[in-house]
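# Per-entry structural report
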Amino acid sequence: MNVSDLQAEIVTTRAILDAISAAIQALADPTISSYTLDTGQTQQRVSRENLPQILQERRRLQSDLCALENRLTGAGVTRGQPLW
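Note that residues are indexed from 1 along each chain, following the sequence as it is written. Reporting of local features is limited, given that this is a predicted model, to residues whose pLDDT is at least 70; pairs of side-chain atoms are given and counted only at 80 or more, and all residues count toward the totals for whole chains, interfaces and linings. Water and hydrogen atoms were dropped before computing side-chain values, which therefore reflect all heavy atoms in the structure.

## Quick notes on the packing of helix H1 (residues 3-27) against helix H2 (residues 51-73)
Between two packed helices, both the angle of their axes relative to each other and the distance between the axes serve to describe the pair. The axes used here are C-alpha line fits, helices contributing only the stretch in contact, and every angle between their N-to-C directions lies in the interval 0 to 180 degrees. Each helix corresponds to a stretch of at least 4 residues labelled H or I by DSSP, and each strand to a stretch of at least 2 residues labelled E; elements are numbered beginning at the N terminus. The interhelical angle for the contact between H1 and H2, taken along N-to-C directions, is 155°, at an axis separation of 9 Å. Comparing the axis directions of H1 and H2 gives the class roughly antiparallel. In the crossing of H1 with H2, the sense of the turn from one axis to the other is left-handed. Residue polarity follows a fixed list, in which Ala, Val, Leu, Ile, Met, Phe, Trp, Tyr, Cys and Pro are nonpolar, Asp, Glu, Lys and Arg are charged, and the others, Gly among them, are polar. The residue inventory of the contact of H1 with H2, partitioned by class, reads 15 nonpolar, 4 polar and 6 charged. Roughly parallel refers to an angle under 35 degrees, roughly antiparallel to one over 145, roughly perpendicular to one between 65 and 115, and oblique to any angle outside these ranges. Put simply, a crossing is left-handed when the front helix is turned counterclockwise from the back one by less than a right angle, and right-handed when it is turned clockwise.

Structure below.
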């Protein structure tokens, strides 16, 4: 992946995370029983029963985002030189 592809993937992942966070926040309201999760790519109706799966997906996406950002910045990469 080149830099522009990584940046585009980061933007997309953040947008999906924002949509998931909005769904989690909405479902925390006891007066709301279901919510339309619109990620910009798909729309689906979710309810409180889906919260464990939604939380798991958020954790996975957060991990993916961290990995993408590390690849973009080179964080966590160690470069070694031979000693001879």
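Structure's up, so let's keep going.
## Quick notes on the pattern of salt bridges
Whenever a carboxyl oxygen of Asp or Glu lies within 4 Å of a side-chain nitrogen of Lys or Arg, that contact is scored as a salt bridge. In total, this model carries 3 salt bridges according to the counting rule given. Of the charged contacts, one joins Arg 14 and Glu 69 as a salt bridge, the two residues approaching to 2.3 Å between their closest N and O atoms. Here Arg 14, found in helix H1, pairs with Glu 69, found in helix H2; they are 55 residues apart in sequence, far enough to count as distant. Note on classification: 1.4 Å probe, protein chains only; a residue is buried when its accessible area is under 20% of the maximum for its type, exposed when over 50%, partly exposed between these limits. Exposure remark for Glu 69: the relative accessible area of 26% places this residue in the partly exposed category. The partner of Asp 64 in a salt bridge is Arg 60, with the nearest N and O atoms 2.6 Å apart.

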